[in-house]
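Chain by chain, the residues run as shown.
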Amino acid sequence: MLDETGFRPHGKHLIAGEWVATGQTFRSSPAHGAAHDFSVGTVDLVDRACRAAEAAFAAYGWTTRAARAAFLEAIADEIDARGDAITAIGTSETGLPEARLVGERGRTTGQLRLFARHILEGGYLDRRHDPALPDRQPLPRPDIRLMERPIGPVAVFGASNFPLAFSVAGGDTASALAAGCPVVVKGHSAHPGTGEIIAEAIHAAIGRCGMPAGVFSLVQGGRRDVGQALVQHELIKAVGFTGSLVAGRILFDLCAARPEPIPFFGELGSVNPMFLLPEAVTARAEAIGRGWAESLSMGAGQFCTNPGIAVVIEGEGAGTFASAAISALREVTPQIMLTDGIADAYREGAGRIAAGAGVRDLITSVCDGREAKPFLFRVAAADWLGNHDLREEVFGPLGLIVTVRDTEEMLAVAKSFPGQLTATMHMDADDAAFARRLLPVLERKAGRVLANGFPTGVEVCDAMVHGGPYPASTNFGATSVGTMSIRRFLRPVSYQNIPQDVLPDDLV
Ligand code: NAP
């Protein structure tokens, strides 16, 4: 049914092909437009969804790659068919602008289609074969084949800041379904209506492709025990999560404490430091400052790759860089944050940074309600190095300039960062000698190292790593963006002397 957003959610959970309501409801809290009631998730629904997922795996885990590719394409088509309604409910719930929702939808369907092509190519199976050597001395060698196989039902937690590309049919779901794993999504309470319409699209694609109903379920949130029961469910074999360090750590620890511990692929906090090398500062401090301000304030700073910290050698160039960032940030108009909780956390984070010893305010703001305005601070490395609070992510348009005495102190600052999604060097040709010293430090800290750019904007491609050492992610061998993310939901199996007519089709 349609309302002013183009879509009126019915508020139910999708459990293995059935739309189900429980007695209790929670009301959505949209940035604008009408609020709607949603059925609260329960531990019982989680159990039903997981059992259905396990039952579906018996068939889905052995579907052909062509059948799964067609299913992923069908999901993308069904999302496109609901495009305007998705944009309308998505902008209402999140406050993100229409153009952003349209772009993110393209990324979401593009991701699904990319995984369809990726599995058809088949390289991800990593097939290996050591043929039998019956005459080998002193012992014969058996015939051994290896192939990556899907692990079973996967739990996915949608992210508040990407209601499409990192949510119900986002990268985690697309890569798990591509691998051959059924998915149980715990919907994010910040965009339950957007989650519902995407679940409708997946439901329609399941019907069109004749997939087992339990291959996908959506349990809406509203209660903390729902997510906790999901990661602890004995039939769940891995978890994909994007969100806060606090929630991620709770769920990660629950996964590790299970009788059968399972991998928790969490993408948590990152401040994405930028290092301004001396020659680049001499040549273009102002342009880097303006570019940084734009990157920092894009989407109200609600990107996991937001570059929150800039490290620069003190002096005239640092002054030019800071002045350019100040002028550009002063022109940024107030933006609406995704949730009241995120807006509260932003204000608290700004207060925490402002209270740090030696921290100077360059821009302070008063933010009302769900509004975000930029903050900018400056601190000397000596004070920053002694205060761990200053290196924690503040989710929003807040920047901190850390000034260092020289390149040696810049290296010391770089070494002191915890794990990051990204690290950036702004450098000119004459900075190459120092860059060669900095790069080995940064590649131990970050999943992606950039030169002369800004990290916001993650390309969905084969060579992308969106992950990094803890706390950027809970598993530094993994990425949550790009085709390599499928590996999270696969497990290598060796088949020794298994007759040809018994082997999985992909191995024959
Ligand atoms: P969040 O609070 O971590 O929530 C993420 C998911 O975890 C939601 O489904 C939430 O359920 C669930 N959850 C939260 N606490 C839980 C608990 N104790 N036990 C079980 N499940 C729990 O993240 P958020 O609401 O999206 O944003 C809050 C903060 O997260 C932001 O201020 C920002 O610092 C950070 N964040 C980081 C990234 C990133 O990319 N690194 C992205 C988004 C947010 P409900 O839906 O029911 O609340």
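For clarity, every value in this text was computed on a predicted model and none was experimentally measured.

Side note on the overall build of the protein
Part 1 of the reasoning: The secondary structure content of the protein amounts to 14 helices and 21 strands.
Part 2 of the reasoning: For 508 residues, the compact-globule estimate of 2.2 N^0.38 gives 23 Å, and the protein sits close to it at 24 Å.
Part 3 of the reasoning: If one aligns the C-alpha atoms of the protein with their principal axes, the spans along those axes are about 75 × 70 × 40 Å.
Part 4 of the reasoning: A buried classification covers 57% of the 508 residues belonging to the protein.

Notes on the side chain of Ser297
Part 1 of the reasoning: You can see Ser297 is positioned in helix H9 (residues 278-297).
Part 2 of the reasoning: Judged by its relative accessible area of 7%, Ser297 falls in the buried class.
Part 3 of the reasoning: One polar contact links the side chain of Ser297 to the main-chain carbonyl oxygen of Ala293, over a distance of 2.7 Å.
Part 4 of the reasoning: Apart from the residues within four sequence positions on either side, Ser297 is in contact with Leu329, Val332, Gln335 and Pro397.

A closer look at the nonpolar core
As a rule of thumb, nonpolar side chains are buried together in soluble globular proteins.
Part 1 of the reasoning: Core analysis: the biggest nonpolar cluster contains 98 residues, and Phe216 and Phe275 have the highest contact counts within it.
Part 2 of the reasoning: Looking at which domains feed residues into this core, each of domain 1 (13-25 + 34-130 + 141-268 + 473-507) and domain 2 (274-451) gives three or more.
Part 3 of the reasoning: Setting aside anything within four residues of it in sequence, one finds Phe275 in contact with Val311, Met410, Val413, Ala414, Phe417, Thr424, Met425, His426, Leu438 and Leu442.
Part 4 of the reasoning: Counting residues in each nonpolar core, the second largest holds 23 residues, with Ile15, Leu45, Val46 and Ala155 among its members.

Remarks on the pattern of salt bridges
Part 1 of the reasoning: Taken as a whole and judged by the stated rule, the model has 25 salt bridges.
Part 2 of the reasoning: The closest approach of N and O atoms between Asp143 and Arg145, which form a salt bridge, is 3.5 Å. This pair shows no difference in class: Asp143 is buried, exactly as Arg145 is.
Part 3 of the reasoning: Several salt bridges converge on common partners, so that one network encompasses Glu73, Asp77, Glu78, Asp80, Arg82, Arg105, Arg113 and Arg208.

A word on unusual backbone geometry
Part 1 of the reasoning: The linkage connecting Gln137 with the following residue, Pro138, adopts the cis geometry, with an omega of 0°.
Part 2 of the reasoning: Of note, the amide linkage connecting Tyr470 to Pro471 takes the cis form, showing an omega dihedral of 5°.
Part 3 of the reasoning: The backbone of Ala300 sits at a positive phi, close to 55°, despite the residue not being glycine.
Part 4 of the reasoning: One can find Ala300 in the loop between H9 and strand E13 (309-313).
Part 5 of the reasoning: The phi torsion at Asn452 lies on the positive side, around 55°, for a residue other than glycine.
Part 6 of the reasoning: One can find Asn452 in the loop between strand E20 (446-451) and strand E21 (490-496).

A closer look at the site of the ligand
Part 1 of the reasoning: Around the ligand sit 21 residues, and of these Ser160, Arg224, Ser244, Leu268 and Cys304 come closest.
Part 2 of the reasoning: Contacts to the ligand include Lys186, whose side-chain N or O atom sits 2.9 Å from an oxygen atom.
Part 3 of the reasoning: Look at the ligand: alone it shows 880 Å² of surface, and the protein chains cover 88% of it.
Part 4 of the reasoning: Sorting the residues of the shell around the ligand by element identifies helix H7 (224-232), strand E10 (238-242) and helix H8 (245-257) as the ones contributing at least two each.
Part 5 of the reasoning: In terms of residue count, the dominant contributor to the shell around the ligand is H8 (three residues).
Part 6 of the reasoning: Composition of the shell around the ligand by domain shows at least three residues from each of domain 1 (13-25 + 34-130 + 141-268 + 473-507) and domain 2 (274-451).

Re the domain arrangement of the protein
Part 1 of the reasoning: Per the domain assignment, the segments of the protein are domain 1 (13-25 + 34-130 + 141-268 + 473-507) and domain 2 (274-451).
Part 2 of the reasoning: Here domain 1 and domain 2 have C-alpha centroids that lie 34 Å from each other.
Part 3 of the reasoning: Counting residues at the interface gives 10 residues for domain 1 and 11 residues for domain 2.
Part 4 of the reasoning: Across the interface of domain 1 and domain 2, roughly 850 Å² is buried in total on both sides, 62% from carbon and sulfur atoms.
Part 5 of the reasoning: Our count for the domain 1 to domain 2 interface comes out at zero salt bridges.
Part 6 of the reasoning: The interface formed by domain 1 and domain 2 holds two residue pairs in polar contact (both at pLDDT 80 or more) in total.

Re the pairing of strand E6 (residues 144-150)
Part 1 of the reasoning: Counting buried residues in E6 gives six out of seven residues, a clear majority hidden from the surface.
Part 2 of the reasoning: Bridge count for strand E5 (residues 128-130) against E6 is three bridges, and the pairing is antiparallel. Residue pairing for E6: His129 is matched across the bridge by Arg145.
Part 3 of the reasoning: Here E6 pairs with E21 via seven bridges, running antiparallel. In the strand pairing of E21, Glu148 is matched with Pro492.

Let's talk about helix H3 (residues 83-94)
Part 1 of the reasoning: With 12 residues, H3 should reach 16 Å at 1.5 Å per residue; the first-to-last C-alpha distance of 16 Å fits that figure.
Part 2 of the reasoning: Taken across its 12 residues, H3 has 10 buried, putting it largely inside the fold.
Part 3 of the reasoning: Buried residues of H3: Gly83, Ala85, Ile86, Thr87, Ile89, Gly90, Thr91, Ser92, Glu93 and Thr94, and no others.
Part 4 of the reasoning: Positive phi appears at Gly95, one or two residues downstream of H3, with a value of about 80°.

Some remarks on the UniProt feature "domain: Aldehyde dehydrogenase" (unreviewed entry) in the protein
Part 1 of the reasoning: This chain's UniProt record puts "domain: Aldehyde dehydrogenase" (unreviewed entry) on residues 37-460.
Part 2 of the reasoning: When the span residues 37-460 is considered, its composition is 47% helix and 18% strand, and the gap between its end C-alpha atoms is 34 Å.

Topic: the state of the cysteines
Part 1 of the reasoning: This structure, assessed with the given rule, holds zero disulfides.
Part 2 of the reasoning: Unpaired in this structure, Cys461 has its nearest cysteine sulfur neighbour in Cys304, at a distance of 15 Å.
Part 3 of the reasoning: With a relative accessible area of 24%, Cys461 lands in the partly exposed category.

Analysis parameters
Residues numbered from 1 in each chain as written. Predicted model: local features only at pLDDT ≥ 70, side-chain atom pairs only at ≥ 80, totals over all residues. Heavy atoms only, no water. Helix = DSSP H or I, 4+ residues; strand = E, 2+ residues; numbered from the N terminus. Rg over C-alpha atoms; globule rule 2.2 N^0.38 Å. Buried < 20%, exposed > 50% of the residue type's maximum accessible area, 1.4 Å probe, protein only. Polar contact = N/O pair within 3.5 Å; in protein donor to acceptor, adjacent residues only side chain to side chain. Contact = heavy atoms within 4.5 Å. Core = buried A, V, L, I, M, F, W, Y, C linked by side-chain atoms within 4.5 Å. Domains from an automatic or database assignment. Salt bridge = Lys/Arg side-chain N within 4 Å of Asp/Glu carboxyl O. Near = heavy atom within 4 Å. Areas by Shrake-Rupley, 256 points an atom, 1.4 Å probe, with all protein chains shown as cover. Buried area = accessible area lost by both parts, 1.4 Å probe. Pairing = 2+ DSSP bridges. Expected span 1.5 Å × (residues − 1). UniProt positions renumbered as here; feature names shortened; annotations may be inferred. Disulfide = S-S within 2.5 Å.

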